[in-house]
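Below are the chains, spelled out letter by letter.
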Amino acid sequence: MALPIQDLPAWARLNDVSFDNVEVTTTEDKGYGLLSQKDLTAPEATVETPQLLTVPHDLVLNSQAVEEHAKEDKEFKQLLDAVGHHSPRFNVLLFLLVQLARNSGHAHVGVSNPWTQYLQFLPKTVLVPTVWTEDERPLLKGTSLEVAVGAKLRALDNEFEMIREASSNISCWNDLLWHSGAVSFNDWVHLDALYRSRCLELPKSGESMVPCIDMINHSSDPTAYYDQNSNYEAVLLLRPGVSITKGQEVTISYGDTKSAAEMLFSYGFIDPESTSESLILPLAPFPDDPLAKAKLVAFGKAPKVHVAREGGRIRWDSSFAYLQCVNEEDGLDFRILQDNEGNQQLRVFWQDEDVTDQISEFQKLAQTHPVPEILRLRVVVSVQENLESHLEQLKSELPPHDTSTVRVECLKHGLLLRQIETSLLEDAIQALEQEKNELLKAENVVAYLGSMETSNLDLVGEEASNEADDFS
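My aim in this report is to walk through the structure given alongside it, one point at a time. Every chain is numbered on its own, with residues counted from 1 as its sequence reads. Only residues with pLDDT of at least 70 are given local features in this predicted model, and only at 80 or more are side-chain atom pairs given and counted; all residues enter the totals for whole chains, interfaces and linings. Only hydrogens and water are removed before side-chain values are computed, so all heavy atoms of the structure are retained for them.

## A short note on the environment of Asp20
Then comes step 1: The helix and strand labels rest on DSSP assignments: H or I over at least four residues marks a helix, E over at least two residues marks a strand, and numbering proceeds from the N terminus. Along the chain, the position of Asp20 falls in the loop between strand E1 (18–19) and strand E2 (22–26).
Then comes step 2: Separated by 412 residues in the primary sequence, Asp20 and Leu432 have C-alpha atoms spaced 54 Å apart.
Then comes step 3: In this analysis, two residues are considered to be in contact whenever any of their non-hydrogen atoms come within 4.5 Å of each other. With residues up to four places along the chain from it excluded, the contact list for Asp20 reads Gln51 and Leu52.

Spelled out as structure tokens, the structure:
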């Protein structure tokens, strides 16, 4: 059940949230937002900036708050212990799932709290890509979000099934969550979307959800910022030197270094005024590499390529690309060693030195390659081919969009993401092509390739000689 935003002031007064000359209301094109009720000004470089909003510390929702709630709510503690204490995000989502179930009108379990009601003020639709429909997700084909969204949905499904399995044997939670049908996988996806789009990084409390402050919209030219005072209360302050007029929207920055993909993934929109240009793409190992599996296991995380435009120049990096492009003849070796307790471990050796604990920085280690320019050339070619493959997908024709099944905002930001990443990939491929041509002119590379050509000619000569001596 949803509550009208007009009821928020009553909830705020009941829970000691104070609004000073501002109010949460419906904006013209951004859903809810915070508007000024009078003209306000913050002098330049002053310590006493106008305080617009104050939220008590006990309303700040994070992993620590969830643990404190579990001390007061024995039934919730039973659920939390059964499911397991996981990441801060997971613990908060589990807490919110319980509040969502309590709001469904079925039998109540556990202790009510301010978030039980506040959850009903939050929007029912958050257009992050994980909640896009099957008709809308093809817009991400070839972008840096195509793989990321699929992986996120699989991870969410695993989390939800883990909760179901762990709680089904607890009678009260089985009745509330599953027997009544109060919650579904779509609810878990929605709560994750709420968390990602509304979570703040507080200076003292860390990653947290803060009621009312989470209603404030983003701007690349924000008028306010959030902080914590000496009582650990979350506060909203007018930025020094800023003046706002009555009826003007108060805004904050969600981050000026986030890429278009990050903004869309976390918040469901792309700021067209953002100057940050970067993307992260998956990098698959060579299919014919006999050491591919060992490299993946040793690397320990999904291989990626990071591409960015900084100061008008293209920059890229990928430690796995260097690991991908070396083998035994270069000095790479994998060994299974046994520790003092009899456990076997996969160890990575480079130039006869154990570098297992430095594998994430293999790009630096690779500088000791016998011919570093040759290795760099291999890596450049590999990365260039990877980017060209993604660019080809980005430029492929999208299926026709049915405006009755594809929401306007999804289409708008999906196409904008494709445009931004296409431009960045085209420039990155061009930069890689230039670097490749420069490397091919390097003295060491010319000498190495010349020696390889001579070796190949010798092999051809030997084969020809063998054929001449064949008297069969």
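## Overview of the packing of helix H6 (residues 145–167) against helix H9 (residues 260–267)
Geometry of a packed helix pair, given as the angle between the helix axes and the separation of the axes.
Then comes step 1: Lines fitted to C-alpha atoms define the axes here, with helix axes fitted over just the stretch in contact, and angles between the N-to-C directions of these axes take values from 0 to 180 degrees. Running from N to C, H6 and H9 point in directions that differ by 30°, and their axes come no closer than 11 Å. As far as their axial angle goes, H9 and H6 are roughly parallel. Seen from above, H6 lies across H9 with right-handed handedness. Residues Leu145, Ala148, Val149 and Lys152 of H6 touch H9, and the partners they reach there are Ala261, Leu264 and Phe265.
Then comes step 2: Gly is placed with the polar residues, together with every amino acid not listed as nonpolar (Ala, Val, Leu, Ile, Met, Phe, Trp, Tyr, Cys and Pro) or charged (Asp, Glu, Lys and Arg). Class assignment of the residues belonging to the contact of H6 with H9 gives a composition of six nonpolar, no polar and one charged. Oblique is the label for any angle not covered by the other classes, which are roughly parallel (under 35 degrees), roughly antiparallel (over 145) and roughly perpendicular (65 to 115). Crossings are assigned a handedness: left-handed for a near helix turned anticlockwise from the far helix by less than a right angle, right-handed for a clockwise turn.

## Thoughts on the sheet that holds strand E9 (residues 224–228)
Then comes step 1: Here, strands pair whenever DSSP counts at least two bridges between them. Spatial strand order, E1-E5-E10-E9: four strands in an open sheet with antiparallel pairing. Across the chains shown, the open sheet's two edge strands, defined by having one partner strand only, are E1 and E9.
Then comes step 2: Relative to strand E10 (residues 234–238), E9 is paired through five bridges, and the arrangement is antiparallel. Bridge pairing in E10 places Asp227 opposite Val235.

## Looking at the packing of aromatic side chains
Then comes step 1: Only Phe, Tyr and Trp rings take part, Trp by its six-membered ring, and two of them pair if their centres are within 6.5 Å. Stacked means planes under 30 degrees apart, edge-to-face means over 60, and tilted covers everything else. In the structure shown here, the tally under the stated rule is twelve aromatic pairs.
Then comes step 2: Considering the side-chain rings of Trp115 and Tyr118, the 5.1 Å spacing of their centres and the 80° angle between planes classify their relative orientation as edge-to-face. Residue Trp115 and its partner Tyr118 are both found in helix H5 (residues 114–118); the two are separated by three residues, about one turn of the helix. Taken as a pair, Trp115 and Tyr118 share a single burial class, namely buried.
Then comes step 3: Between Phe160 and Trp178 the ring centres are 5.3 Å apart and the planes differ by 85°, which places this aromatic pair in the edge-to-face class. Placement of the pair is Phe160 in helix H6 and Trp178 in helix H7 (residues 171–179), with a sequence separation of 18 residues. No difference in accessibility class separates Phe160 from Trp178, as the two residues are buried.
Then comes step 4: A ring is considered to have a charge above it if a Lys NZ or an Arg CZ atom is located within 6 Å of its centre and within 35 degrees of its normal. For Arg196, the ring lying beneath its charged end belongs to Phe265, and the centroid distance is 4.5 Å.
Then comes step 5: Stacked on the ring of Phe349, the Lys or Arg Arg335 has its end atom at 3.8 Å from the ring centre. Each residue is assigned to one of three classes by its accessible area relative to the maximum for its type, calculated with a 1.4 Å probe on protein chains only: buried under 20%, partly exposed between the two thresholds, exposed over 50%.

## Concerning the sheet that holds strand E17 (residues 344–350)
Then comes step 1: Read from one edge of the open sheet, three strands run E16-E17-E18, paired in antiparallel fashion. Each edge of the sheet is formed by a strand with only one pairing partner; in this case those strands are strand E16 (332–338) and strand E18 (353–354).
Then comes step 2: In terms of strand pairing, E16 meets E17 through seven bridges, oriented antiparallel. Looking across to E17, one finds that Leu337 is bridged to Gln345.

Function cannot be inferred from these measures alone, as they are strictly geometric.
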